[in-house]
Amino acid sequence: MKHHYIPKFYLLPWVSDEDGKLTEFRRLTNPHTQVQYIEVKRRGRNETGFEENLYTLPGGIVTLTGLRLPA
């Protein structure tokens, strides 16, 4: 599940009127050479500023009642 750590409405000032996207810069590391580089891409607001399962707790499942069940 996508959890946005940057609220999508905060990104509006950087969204282009032409294509409805913004420019995302990411610092990545090549796994083979360990050389860092910058990746530049045009992305929509739904495609940036999030992390998969950001609020997932290790070792159990949290139910709607807030109780943690054993894994």
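Before reading further, recall that the structure is shown in the block above.
Reading the values: rules and limits
Residues numbered from 1 in each chain as written. Predicted model: local features only at pLDDT ≥ 70, side-chain atom pairs only at ≥ 80, totals over all residues. Heavy atoms only, no water. Helix = DSSP H or I, 4+ residues; strand = E, 2+ residues; numbered from the N terminus. Buried < 20%, exposed > 50% of the residue type's maximum accessible area, 1.4 Å probe, protein only. Contact = heavy atoms within 4.5 Å. Areas by Shrake-Rupley, 256 points an atom, 1.4 Å probe, with all protein chains shown as cover. Patch = residues over 30% accessible without salt bridge, like charges linked within 9 Å, V, L, I, M, F, W, Y side chains within 5 Å. Salt bridge = Lys/Arg side-chain N within 4 Å of Asp/Glu carboxyl O. Pairing = 2+ DSSP bridges.

Caption draft 1: Molecular detail of the overall build of the protein chain. When its secondary structure is counted, the protein chain shows 0 helices and 6 strands. By the burial criterion, 15% of the 71 residues in the protein chain qualify as buried. Counting only contacts in the protein chain whose residues sit at least 6 apart along the sequence, the fraction spanning at least 24 positions is 41%. When the accessible surface of the protein chain is split by element, carbon and sulfur atoms take 57% of a total near 6,100 Å².

Caption draft 2: View of the side chain of Glu39. Along the polypeptide, Glu39 turns up in strand E3 (residues 36-43). Ignoring anything within four residues of it in the chain, the contact list for Glu39 reads Glu24, Phe25, Arg26 and Leu28.

Caption draft 3: View of a nonpolar patch on the surface. A surface patch of nonpolar side chains, amounting to about 550 Å² of accessible area, comprises Tyr5, Ile6, Phe9, Tyr10 and Leu12. Structurally, Phe9 is set in the loop between strand E1 (2-4) and strand E2 (22-29).

Caption draft 4: Representation of the pattern of salt bridges in the model. Taken as a whole and judged by the stated rule, the model has 5 salt bridges. Here Glu24 ties to Arg43 by a salt bridge, and the two come within 2.6 Å at their closest N and O atoms. Of this pair, Glu24 sits in strand E2 while Arg43 is found in strand E3, placing the two residues 19 residues apart along the sequence. Side by side, Glu24 and Arg43 carry an identical accessibility label, which is buried. Across the pair Glu39 and Lys41 runs a salt bridge whose closest N-O atoms are separated by 4.0 Å. Overlapping salt bridges bring together Glu24, Arg26, Glu39, Lys41 and Arg43 as one network.

Caption draft 5: Representation of the pairing of E2 in the model. Here E2 runs beside E3; their pairing, made up of 8 bridges, is antiparallel. Bridge pairing in E3 places Glu24 opposite Lys41. Linkage of E2 to E3, two consecutive antiparallel strands, is achieved through a turn of 6 residues, within which Gln34 is found at a positive phi near 60°.

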